[in-house]
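Residue-level structural notes
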Amino acid sequence: MSVRNPVVTALKTWLIPRRYGVMRWSYSLQRISGVAITLYFVLHIGETANVIGGSQVWSIPSYEYARQVWTETVEFLSNPFFDAGLAVLAFLIFFHTSNGVRLFLTHFGILLGKPHRPEYPYHPASMTKAQLTIFWVSILLAVAALLYSLNIFFKVILP
Amino acid sequence: MSREARIMMLHYITGLVIIVAGAIHLATVFLVSPYEESLRFDNTPWSVINVYRNSLLAGSLEALLLAVAFHGFNGLRVILLELHQGRTWTRAVNVAVTVAAIAVVINGTKTIFIASML
Amino acid sequence: MSGKLQEVRLRVYRYDPSNGGRPRYDIFSVPVKKDTTVLSALLYVKEKLDPTLSIRFSCRMATCGSCGMMINGLPRLACYTLVSQLKSKTITVQPLNNFPVVKDLVADFTDFFGKHRAMKPYLLRIDTYEQEKSNISYRQTDEELLKYIQFAYCIRCGLCYAACPVVATDKRFPGPQALSQLYRYYIDSRDEGGGERLEVVSDSHGVLRCHFAGSCSQVCPKGVDPALAIQLLRRELLFGRRTG
Ligand code: SF4
Ligand code: FES
């Protein structure tokens, strides 16, 4: 067997959901969005620490100092690159949440079909219409969130 | 129930907490007042410092912080354990993920705590 | 129509461990009819063009589960896949993903069968004497049968194992085949393994690592729907209806 780099195998299987149908896409998107949101979460906690003057502050700072640090932070963060990043993140957050509800229910055995005698052509009972609907609703919600935030940040659609 | 099953149960529960607390968080930033106004330090009703001073909202932020820290870092742990198997790796991943989650929670809790007293 | 011959290009993965071990692809031109299967095309190659090609097969009717391979990127049974259904002029065949390769298209099923065996794929009874020696039969109602019969259709072909994104990176994950067989016995009314059966898969590389990508059920040639069995198994582990 030609030895494959495990990281390359992992990235390929995680990031390329081709050929196995819609649920494989949901798996990849769920994974990518999860990692992205966690990364953002860590940065976001670091960034909001500037409300009290920064992560290194351990006692109550002067009100004026905190106010100034925060105002500078907001100015620093208000540039189109961060805004675009936030818009993508809105997409990922809404997808992950809504698709997560589907996974939550199916992991508990809800929204699944019943085991039956397989008859050709086979339709997996694990993949019900209800689930497909939730998946596509998740995509719709995510796109709506993307457009909403793009509009807020860039005023592209409604002035 | 096995240890892993208990962890995953918490994963589901924190997921639900995030839906509620996250909705409150997004609503205070985007819905109840214009986005620019909620980013201000003070002087607007939903400005940053006013949100932290409201103990209900601050409490919900703390809940969100704890839940996302658990849910996110547990997800990361699962992915890393799937990447490679072995005793040392498992232990390293568990320690790294726990330390990182605790550090983020401490940093965030401190912010919420101090900001509410500013 | 079915008698008309057409040419198709077969791009075959070749690997010989005794030969430096560098994988390569050989291209063969094979005449096919409307009802030619990929397996018969490969056997044509072996008989007429290159006798060194290694393939594994037996029943030629999707029953023995030994001819699984990647055909145009998807795990399929070669004897159950028509060349014409693929609708492509070039057909790429590779050994199954997620399996080590023995030679050419032959995959090593040692781990796969080992994981299956670890699930104790047989009825567990408290009274083993009665099970072995007496000639009473265990009665079962239709509903009890319906709970597991779908999963009992498994032919251990390993297609689901090749499709699973968790198996791809987690060596310790039992995989869709083993997990669905565990559920098949766990839920069988004649089985007395109960909650102890679940212990094998309750750790951090067990059933909880399934992320429900559903690829196993997409590719299963027998309609077993392993993903369904795994979700039901997970529910049992999380809520432990039956124990001890
Ligand atoms: S579950 Fe289906 S795909 Fe998997 S080994 Fe059994 S028959 Fe093959
Ligand atoms: S040869 Fe037996 S399943 Fe294909």
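Everything numeric in this text was worked out from a predicted model, so none of it was measured.

Each value, and the rule that gives it
- Every chain is numbered on its own, with residues counted from 1 as its sequence reads.
- Each chain gets a letter, beginning with A, and each ligand a number, beginning with 1, in the order they are written.
- Given that the model is predicted, a residue must reach a pLDDT of at least 70 before its local features are reported, and side-chain atom pairs must reach 80 or more before they are shown or counted; all residues, however, enter totals for whole chains, interfaces and linings.
- Heavy atoms throughout the structure, all of them, feed into the side-chain values; hydrogens and water do not.
- Each patch groups residues whose relative accessible area exceeds 30% and which form no salt bridge, using 9 Å between like charges and 5 Å between nonpolar side chains of Val, Leu, Ile, Met, Phe, Trp and Tyr.
- Computed by Shrake-Rupley with a 1.4 Å probe, the accessible areas treat only the displayed protein chains as cover when residues are assessed.
- Basic side-chain nitrogens of Lys or Arg form a salt bridge, by our definition, when they fall within 4 Å of a carboxyl oxygen of Asp or Glu.
- In this description a helix means any DSSP run of H or I spanning at least four residues, a strand means any run of E spanning at least two, and both kinds are numbered starting from the N terminus.
- Each residue is placed in one exposure class: buried if its accessible area under a 1.4 Å probe, protein chains only, is under 20% of its type's maximum, exposed if it is over 50%, and partly exposed if it falls in between.
- Here, nonpolar core refers to any group of buried Ala, Val, Leu, Ile, Met, Phe, Trp, Tyr and Cys residues whose side-chain atoms link them within 4.5 Å.
- An automatic or database domain assignment supplies the residue ranges for each domain.
- What makes two residues a contact is simply this: any of their non-hydrogen atoms within 4.5 Å.
- By definition, pLDDT measures how confident the predictor is in each residue, and it falls between 0 and 100.
- For two strands to be treated as a pair, DSSP must find no fewer than two bridges joining them.
- Each axis is a line fitted through C-alpha atoms, and for a helix only the stretch in contact is used; angles between axes span 0 to 180 degrees, taken between their N-to-C directions.
- Summed over both partners, the accessible surface that disappears when two parts come together, traced with a 1.4 Å probe, is what is meant by buried area.
- Throughout this description, a polar contact denotes any pair of N or O atoms lying within 3.5 Å of each other; where both atoms belong to protein, one of them has to be capable of donating a hydrogen while the other can accept it, and for residues adjacent in sequence the pair is counted only when both atoms sit in side chains.
- Think of it this way: a Phe, Tyr or Trp ring, Trp meaning its six-membered ring, pairs with another when their centres are within 6.5 Å, and the plane angle makes it stacked under 30 degrees, edge-to-face over 60, tilted otherwise.
- Only lysine NZ and arginine CZ atoms are considered, and such an atom sits over a ring when it is within 6 Å of the ring centre and within 35 degrees of the ring normal.
- Whether a residue is near a molecule or strand is decided by its heavy atoms; if any one of them lies within 4 Å of it, the residue is near.
- Under the scheme applied here, ten amino acids are nonpolar (Ala, Val, Leu, Ile, Met, Phe, Trp, Tyr, Cys and Pro), four are charged (Asp, Glu, Lys and Arg), and all others, including Gly, are polar.

Turning our eyes to something else, we now look at a nonpolar patch on the surface. All names here are of chain A. On the surface, Val7, Leu11, Leu15, Ile16 and Ile32 cluster together into a nonpolar patch covering about 410 Å² of accessible area. For the nonpolar patch, the element with the most residues is helix 1 (residues 6–15), which contributes three residues. Summarising the element assignment, Val7 is placed in helix 1. For Val7, a relative accessible area of 41% gives the class partly exposed.

With that out of the way, let us pick up the nonpolar core. All names here are of chain C. Grouped together as the largest cluster of nonpolar side chains are 84 residues, with contacts concentrated most on Leu10, Leu42 and Val93. Broken down by element, this core gets its largest block of residues, eight residues, from helix 10 (residues 226–239). Mapped onto the domain boundaries, this core takes at least three residues apiece from domain 1 (6–107) and domain 2 (110–239). The contact partners of Leu10, leaving out residues within four places of it in the chain, are Asp26, Ile27, Phe28, Val30, Ala41, Leu42, Val45 and Ile91.

For the rest of this paragraph, the subject is the confidence of the model for chain C. Reading predicted coordinates in detail is not appropriate for stretches of low pLDDT. Across chain C, the average pLDDT comes to 93, with 97% of residues at 70 or higher. Among the scores for the predicted complex, ipTM is 0.95 and pTM is 0.94.

Take the sheet that holds strand 4 (residues 74–77) of chain C next. As a general point, the strands of a sheet are linked pairwise by backbone hydrogen bonds and lie either parallel or antiparallel. Residues and elements named next belong to chain C. The five strands lie next to each other as 2-1-5-3-4, forming an open sheet whose pairing is mixed. Here the strands that pair on one side only, and so sit at the sheet edges, are strand 2 (24–32) and strand 4. Going from strand to strand, the sheet's axes swing by 35° on average, the running direction of each strand aside. Judged from the four bridges that link them, strand 1 (residues 6–14) and strand 5 (residues 90–94) form a sheet pairing that is parallel. Across the sheet, Arg9 pairs through a bridge with Thr90, a residue of strand 5. Each of strand 1, strand 2, strand 3 (68–71) and strand 5 is contacted by helix 1 (residues 38–49), which is oriented at about 100° to strand 2, the strand it contacts most.

Moving on, we come to the interface of chain A and chain C. Think of interface size as the accessible area that goes away when the parts come together; that is how it is often given. Taken together, the 32 residues of chain A in the interface contact 46 residues of chain C. Roughly 3,100 Å² is buried in total at the junction of chain A and chain C, and carbon and sulfur atoms are behind 62% of that figure. Applying the counting rule to chain A against chain C returns zero salt bridges. In this assembly, chain A and chain C are joined by eight residue pairs in polar contact (both at pLDDT 80 or more). At the level of secondary structure, the elements contributing two or more residues to the side of chain A that touches chain C comprise helix 1, helix 2 (22–48) and helix 4 (80–107) of chain A.

It is worth spelling out the pattern of salt bridges at this point. According to the stated counting rule, one finds 15 salt bridges over all chains in the structure shown. When the shortest N-O distance is used, the salt bridge between Glu82 of chain B and Arg31 of chain A registers 3.1 Å. Linking Glu82 of chain B in helix 4 (residues 55–83) with Arg31 of chain A in helix 2, this pair reaches from one chain into another. When its relative accessible area of 0% is taken as the criterion, Glu82 of chain B is described as buried. Looking at Arg31 of chain A, the relative accessible area reads 9%, which means it is buried. Glu130 of chain C serves as the salt-bridge partner of Arg125 of chain C, at 3.7 Å between the closest nitrogen and oxygen.

Residues and elements named next belong to chain C. As enumerated under the stated definition, the model contains 22 aromatic pairs over all chains in all. When the centroid spacing of 5.5 Å and the interplanar angle of 45° are considered together, the rings of Phe109 and Phe113 count as tilted. Judged by relative accessible area, which is 6%, Phe109 ranks as buried. Here the aromatic residues Phe99, Phe109, Phe112, Phe113 and Tyr161 are joined through ring pairs into a cluster of three or more. Taking the ring centre of Phe109 as reference, the NZ or CZ of Arg56 above it sits at 4.8 Å. Between the NZ or CZ atom of Arg125 and the centre of the ring of Tyr138, over which it lies, the distance is 3.9 Å.

Turning our attention to the site of ligand 1. Taken together, 13 residues surround ligand 1, and among them Cys154, Cys157, Gly158, Cys160 and Cys220 of chain C come closest. The class makeup of the residues in the shell around ligand 1 is nine nonpolar, two polar and two charged.

Here we come to the domain arrangement of chain C. Residue and element names in this part refer to chain C. Segmenting chain C into domains produces domain 1 (6–107) and domain 2 (110–239). Relative placement of domain 1 and domain 2: their C-alpha centres are 29 Å apart. Each side of the interface is counted separately: domain 1 has 16 residues, and domain 2 has 15 residues. Between domain 1 and domain 2, the buried area comes to about 1,100 Å², and carbon and sulfur atoms account for 66% of it. Contact with domain 2 buries area across many residues of domain 1, yet Pro75, Asn98 and Phe99 alone supply 47% of it, more than any other trio. At the boundary of domain 1 with domain 2, the tally comes to zero salt bridges. Here domain 1 and domain 2 share four residue pairs in polar contact (both at pLDDT 80 or more) between them.

Every contact between the two is made by 41 residues of chain A and, on the other side, 39 residues of chain B. For the pairing of chain A and chain B, the buried interface totals around 3,300 Å² over both sides, and the portion due to carbon and sulfur atoms is 76%. Broken down residue by residue, the surface that chain A buries against chain B is led by Phe41, Ile52 and Tyr63 of chain A, which jointly contribute 18%. One can count two salt bridges joining chain A with chain B. Where Arg67 of chain A meets Asp42 of chain B, a salt bridge forms, and the shortest distance between an N and an O atom there is 2.8 Å. Scanning the region where chain A abuts chain B turns up eight residue pairs in polar contact (both at pLDDT 80 or more). Going through the elements one at a time, helix 1, helix 2, helix 3 (63–77), helix 4 and helix 5 (129–154) of chain A are the ones with two or more residues in the side of chain A that touches chain B.

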